[in-house]
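Residues per chain are reported as follows:
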Amino acid sequence: MEEKRNLILCGFMGCGKSTVGPLLARMSSRRFVDMDSYIESQAGKSVSAIFAEEGETHFRALEKEACEALSHEQGLVIASGGGTLIQKGNDEILRRTGVIVLLDVPFDTLLERLKEDTSRPLLQKPERGAVIQSLLAERLPIYRAVSDYAIPAQESPEAVARRILAVLGEAPRTC
Ligand code: S3P
């Protein structure tokens, strides 16, 4: 059987990559991989611990290694991290075997979803709203430039997954 191309979900923290991803995988008969979890299992520690003990630069290097490794597989739905596709070259690596889909969610919704977050190192700062706003302004043009499709992603995870399959011209598997 022909291997399916990977589907890479991209977008800001809180856009729904890790909730839409498993559904999309089930609906498209692919295997779900969360890139942060993949890095954590390779490193044997959490993303927060990697940031705290080795710093963001080291985390970005692990992220690039993860992109390389996962690009050698096929038939995956990959939830990238919010910074993965911001790093130069990762889009090219992932696109070798996959298509990149941006989950587009407006600032107000992201803020609402992220306001209680305690797990993301980049957000553990005062003035969280201002941090999200400036990071989003910086990143959104890059997300748009590196992705093959942009999907409005405020609806339910299932509706978003269906939208993605529709733009890709794939029929959802009935489960
Ligand atoms: C990051 C997003 C996180 C995680 C790390 C850095 C970022 O992933 O990779 O905390 O730079 O935006 P999620 O987008 O899954 O939260």
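About the cut-offs
- Residues numbered from 1 in each chain as written.
- Predicted model: local features only at pLDDT ≥ 70, side-chain atom pairs only at ≥ 80, totals over all residues.
- Heavy atoms only, no water.
- Helix = DSSP H or I, 4+ residues; strand = E, 2+ residues; numbered from the N terminus.
- Rg over C-alpha atoms; globule rule 2.2 N^0.38 Å.
- Contact = heavy atoms within 4.5 Å.
- Areas by Shrake-Rupley, 256 points an atom, 1.4 Å probe, with all protein chains shown as cover.
- Lys, Arg positive; Asp, Glu negative; His and termini not counted.
- Charge placed at Lys NZ, Arg CZ, Asp CG, Glu CD.
- Phe/Tyr/Trp six-rings, centres within 6.5 Å; stacked < 30°, edge-to-face > 60°.
- Buried < 20%, exposed > 50% of the residue type's maximum accessible area, 1.4 Å probe, protein only.
- Core = buried A, V, L, I, M, F, W, Y, C linked by side-chain atoms within 4.5 Å.
- Pairing = 2+ DSSP bridges.
- Axes fitted to C-alpha atoms, helices over the stretch in contact; angles between N-to-C directions.
- Polar contact = N/O pair within 3.5 Å; in protein donor to acceptor, adjacent residues only side chain to side chain.
- Expected span 1.5 Å × (residues − 1).
- Arc of directions from axis to C-beta.
- Near = heavy atom within 4 Å.
- Nonpolar A, V, L, I, M, F, W, Y, C, P; charged D, E, K, R; others polar.

**As for the overall build of the protein**
- Looking only at helices and strands, one finds eight helices and five strands in the protein.
- Its helices and strands in sequence order give the protein the pattern β-α-β-α-α-α-β-α-β-α-α-β-α, from N to C terminus.
- Against the globule reference of 16 Å for 175 residues, the protein gives a C-alpha radius of gyration of 16 Å, in line with a compact fold.
- Put simply, of all contacts in the protein between residues at least 6 apart along the chain, 73% involve residues at least 24 apart.
- For the protein, the accessible surface area stands at approximately 8,700 Å², while carbon and sulfur atoms represent 51% of it.
- With 22 positive and 25 negative side-chain charges, the protein shows a separation of 3 Å between the mean positions of the two kinds.

**A look at the packing of aromatic side chains**
- Going through the model one piece at a time under the given rule, you end up with one aromatic pair.
- Pairing Phe51 with Phe59 gives two aromatic rings, centres 5.0 Å apart and planes at 40°, and the pair type is tilted. The burial state of Phe51 is the same as that of Phe59; both residues are buried.

**Comments concerning the nonpolar core**
- With 52 residues, the main nonpolar core has Leu9, Phe12, Leu24, Met35, Leu103 and Ile164 as its most contacted residues.
- Of all the elements, helix H7 (residues 128-146) adds the most residues to this core, at six residues.
- Discounting residues that sit within four places of it in the chain, Leu103 has contacts with Leu9, Cys10, Gly11, Cys15, Gly16, Lys17, Val20, Ile151, Ala153, Val160 and Ile164.

**Thoughts on the sheet that holds strand S3 (residues 76-79)**
- The strand order S2-S3-S1-S4-S5 describes an open sheet built from five strands, whose pairing is parallel. At either margin of the open sheet sits one strand with a lone partner, and together these are strand S2 (31-34) and strand S5 (149-152). Sheet twist, expressed as the mean angle between neighbouring strand axes with direction ignored, is 25°.
- Bridge count for S2 against S3 is four bridges, and the pairing is parallel. What sits directly across from Val33, in S3, is Ile78.
- Along the sheet face, H7 touches strand S1 (6-10) and strand S4 (98-104) and points at about 145° away from the line of S4.
- Relative to the sheet, helix H8 (residues 157-168) contacts S1, S4 and S5, its axis offset from that of S5 by approximately 145°.

**Topic: the environment of Ser18**
- Structurally, Ser18 is set in helix H1 (residues 17-27).
- In the structure, Ser18 is positioned 61 residues away from Ala79 in sequence and 5.8 Å away in space, judged by C-alpha atoms.
- Side chain to side chain, Ser18 and Asp34 meet in a polar contact 2.8 Å long.

**Thoughts on helix H4 (residues 56-71)**
- With 16 residues, H4 extends 22 Å between its outermost C-alpha atoms, agreeing within 8% with the 22 Å of an ideal straight helix rising 1.5 Å per residue.
- Every buried residue belonging to H4 is among Phe59, Arg60, Leu62, Glu63, Ala66, Cys67, Leu70 and Ser71, and all of these are buried. Looking down the long axis of H4, one finds its buried residues gathered within 165° of arc, a one-sided arrangement. What points out from H4, more than 90 degrees from its buried face, is the exposed set Thr57 and Glu65.

**Focus: the site of the ligand**
- Around the ligand sit 13 residues in total, of which Lys17, Asp36, Arg60, Arg120 and Arg139 are the nearest.
- Within the side chain of Arg120, one N or O atom sits 2.6 Å away from an oxygen atom of the ligand.
- Within the complex, 95% of the 390 Å² of free accessible area of the ligand lies under protein.
- A breakdown of the residues in the shell around the ligand according to their chemical character gives five nonpolar, three polar and five charged.

**Some remarks on the environment of Gly89**
- Structurally, the position occupied by Gly89 is in the loop between S3 and helix H5 (90-95).
- On the accessibility criterion, Gly89 (23% relative accessible area) is partly exposed.
- A sequence separation of 20 residues divides Gly89 from Ala69, and the C-alpha atoms of the two residues are 14 Å apart.

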